[in-house]
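# Close look at the chain arrangement
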Amino acid sequence: MSETILIVGSGAREHAIAMALARSPQHPTLLCFSGARNPGIAILCSDCGVGSITNPADVAAFALLHHATIAILGPEAPLAAGVADALWTAGVPVVGPTQSLARIESSKGFARELLAKYKIPGNPFFQRFESLDGLEEVLGQFANQHVIKDDGLAGGKGVKVCGDHLHSLEDSLAFCRELVNHGHPFVVEEKIEGEEFSLMSFCDGRTLRHMPAVQDHKRAYEGDKGPNTGGMGTYTDADHKLPFLADADIAAAQAINQQVATALAEECGAPYQGILYGGFMATKDGVKLIEYNARFGDPESLNLLTLLETDFVEICRAIVDQKLAELTVTFSAKASVCKYIVPDGYPDNPRKGDVVVLPRTLPDGVTMFLSAVDLKDDVLIATGSRTVAFVGTAATISEAEVLCERAVQQIPGPFFHRKDIGTEQLIMRRVEHMKAVRSV
Ligand code: AMP
Ligand code: GLY
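Throughout what follows, the structure given in this document is the object of discussion. All residue numbers refer to position in the chain's written sequence, counted from 1. Key to labels: chains lettered from A, ligands numbered from 1, both in the order written. Since the coordinates come from a predicted model, pLDDT governs what is reported: local features require at least 70, and pairs of side-chain atoms require 80 or more to be given and counted, while whole-chain, interface and lining totals use all residues. By convention in this description, side-chain values take in all heavy atoms of the structure and omit both hydrogens and water.

### Regarding the overall build of the protein chain
- For helices the rule is a DSSP run of H or I covering at least 4 residues; for strands it is a run of E covering at least 2, with both sets numbered from the N terminus onward. Along the backbone of the protein chain there are 14 helices and 23 strands.
- Two things to know: the radius of gyration comes from C-alpha atoms, and the globule rule equals 2.2 Å times the number of residues to the power 0.38. The globule rule puts the C-alpha radius of gyration for 440 residues at 22 Å, and the 21 Å found for the protein chain is close to it.
- What makes two residues a contact is simply this: any of their non-hydrogen atoms within 4.5 Å. Within the protein chain, contacts between residues at least 6 apart in sequence are counted, and of these 69% link residues at least 24 apart.
- Each accessible area is a Shrake-Rupley estimate made with a 1.4 Å probe; only the visible protein chains count as cover when residues are assessed. Total accessible area on the protein chain stands at roughly 17,400 Å², and carbon and sulfur atoms take up 51% of it.
- Mean positive and mean negative side-chain charge positions of the protein chain (39 and 55 charges, respectively) differ by 2 Å. His is not counted, nor are the chain ends, whereas Lys and Arg count as positive and Asp and Glu as negative. Every charge is mapped to an atom, namely NZ of Lys, CZ of Arg, CG of Asp or CD of Glu.

Below, the structure is given as structure tokens:
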């Protein structure tokens, strides 16, 4: 039976999902339901619905109308809203956890408490608060050395770090007061130091198949300056490790993902079926957990789905049927570099409505993904967020960077990107930073 696969979401991540599915020798029928129409995705789909992706009944109705045999949920919001629950109830199997299991992302306190309860390594000191009671004592204990996080999803705006956003006890208290005033619980954590990396695993509730490690770049400007973004670019290495990590770091992150999947099944009484994305930091005391996400990373998935060799349709089927143990998952032994172009002013005050002129041809080894764009009278318009991403793949990170940069440079107009991502100079800085961290 040929699969009919519904993709929920309309960013570059979902474009990468659609492209990976479209490569399948099974030639699945593809559908998309999303808040906006992404022309890159639309061209690969037989039907596209536009609506609210956080309305479980609407998504399920679209899936039933078009006889979807599997649904893949791209972003976190529909997962947290219980869209997977509604789809399963309607008889449509889902790659993406149900609402209860998605708490691993939608509640920072839940994730930390799960690790603590099941004695899984990786937690720094943390404490969850619903009021200001006892707060000053904890802030005093970790003076200038803490991070404050809105417990719930906050679109990347819910985390403040001492030294970056918080410069005094009063700054910290003010942020906590604001959260409490809005009725938001929050978590105070010890600030840890090291190099961040993402380790994602396909998960069917029991078996995990790990993907290569990736490093994202959250800051908007070169040299890791400027405001935090959804992620400006990413790279992976040909050996599927990262130049600043020891083998033991990758093994530790994989083991944490495995233990978390097992703990989630026990805690929620149901299997976690989807992508489990651990955001880790390699520190002087080993690998620590920064956060969990219940979905593919964006841009991480652009690198990984480009490198994926195994039939992605087969992987999705194995996830929903809990048969990952029978499947070998492989990725091409190449390095990759991904860079986003974003409108000037992004992320705080982005320009909107500028025309996006795409390159007529791409160098060999480069793939393009469309994100926050819209078609108006056959003209591609930037809608004010991460706009277009390019992934270069080659034997080395440096070669992949050159390819990627060659493509990015072809986009004219009031856009910018980070030239430094994937360059030898930046990679060496990561390696030196990690050496310094480990030698303390
Ligand atoms: P999150 O939204 O949890 O990924 O946090 C955003 C960013 O805050 C992360 O990418 C880290 O750079 C930083 N961060 C979060 N938690 C910690 C922590 N405990 N120590 C140091 N930095 C952190
Ligand atoms: N690249 C970070 C994220 O997907 O959350």
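Now that the structure is up, let's keep going.
### Some points on a nonpolar patch on the surface
- Where nonpolar side chains cluster on the molecular surface, the patch consists of V355, V357 and V379 and spans about 210 Å² of accessible area.
- Judged by its relative accessible area of 44%, V355 is partly exposed. Each patch is assembled from residues with relative accessible area greater than 30% and no salt bridge, linking like charges that lie within 9 Å and nonpolar side chains (Val, Leu, Ile, Met, Phe, Trp, Tyr) that lie within 5 Å. Salt bridges are counted wherever a side-chain nitrogen of Lys or Arg sits within 4 Å of a carboxyl oxygen of Asp or Glu. When accessible area is computed with a 1.4 Å probe and restricted to protein chains, residues below 20% of their type maximum are described as buried, those above 50% as exposed, and intermediate ones as partly exposed.

### Quick notes on the nonpolar core
- Definition used in this section: a nonpolar core is a set of buried Ala, Val, Leu, Ile, Met, Phe, Trp, Tyr and Cys residues joined via side-chain atoms within 4.5 Å. Counting 124 residues, the largest nonpolar core has F197, F202 and F312 as its most contacted members.
- Sort the elements by how many residues they give to this core and helix α10 (residues 247–268) lands first, with eight residues.
- If you look at the next biggest cluster of nonpolar residues, it comprises 13 residues, including L135, V138, L139 and I148.

### Things to note about the layout of surface pockets
- In this analysis a 1.4 Å probe is tested at points of a 1 Å grid over the protein atoms alone, and where it fits but cannot get out there is a cavity; an open set with protein on both sides within 12 Å along at least five of seven lines is a pocket; lining residues have an atom within 4 Å of a point. Grid points are joined across faces, edges and corners, and a volume is the space filled by probe spheres set on the points. Taken as a whole, the second largest pocket spans an internal volume of roughly 240 Å³.
- Forming the walls of the second largest pocket are Q145, E190, K191, I192, E193, T283, K284, D285, K288, A436, V437 and V440.
- Residues belonging to the lining of the second largest pocket are distributed by class as follows: four nonpolar, two polar and six charged. Under the scheme applied here, ten amino acids are nonpolar (Ala, Val, Leu, Ile, Met, Phe, Trp, Tyr, Cys and Pro), four are charged (Asp, Glu, Lys and Arg), and all others, including Gly, are polar.

### Considering the pattern of salt bridges
- All chains considered together, the criterion is met by 27 salt bridges.
- The shortest N-O distance in the salt bridge between R177 and E170 comes to 3.4 Å.
- Classification of E170 by relative accessible area gives partly exposed; the value is 44%.
- Bridged by salt links that share partners, the residues E195, D224, R418, D420, R429 and R430 form one connected network.

### Considering the pairing of strand β22 (residues 388–394)
- Burial analysis of β22 places seven of its seven residues in the buried class, which makes it a mostly covered element.
- Every second residue of β22 is oriented toward a common face, with V388, F390, G392 and A394 on one face and A389, V391 and T393 on the other, all of them buried.
- Judged from the seven bridges that link them, strand β18 (residues 335–343) and β22 form a sheet pairing that is antiparallel. Bridged to S336 within β22 is T393.
- As paired strands, strand β19 (residues 366–370) and β22 are joined by five bridges and run antiparallel to one another. Bridge pairing in β22 links V366 to G392. Each pair of strands is called paired provided DSSP finds at least two bridges between the two strands.

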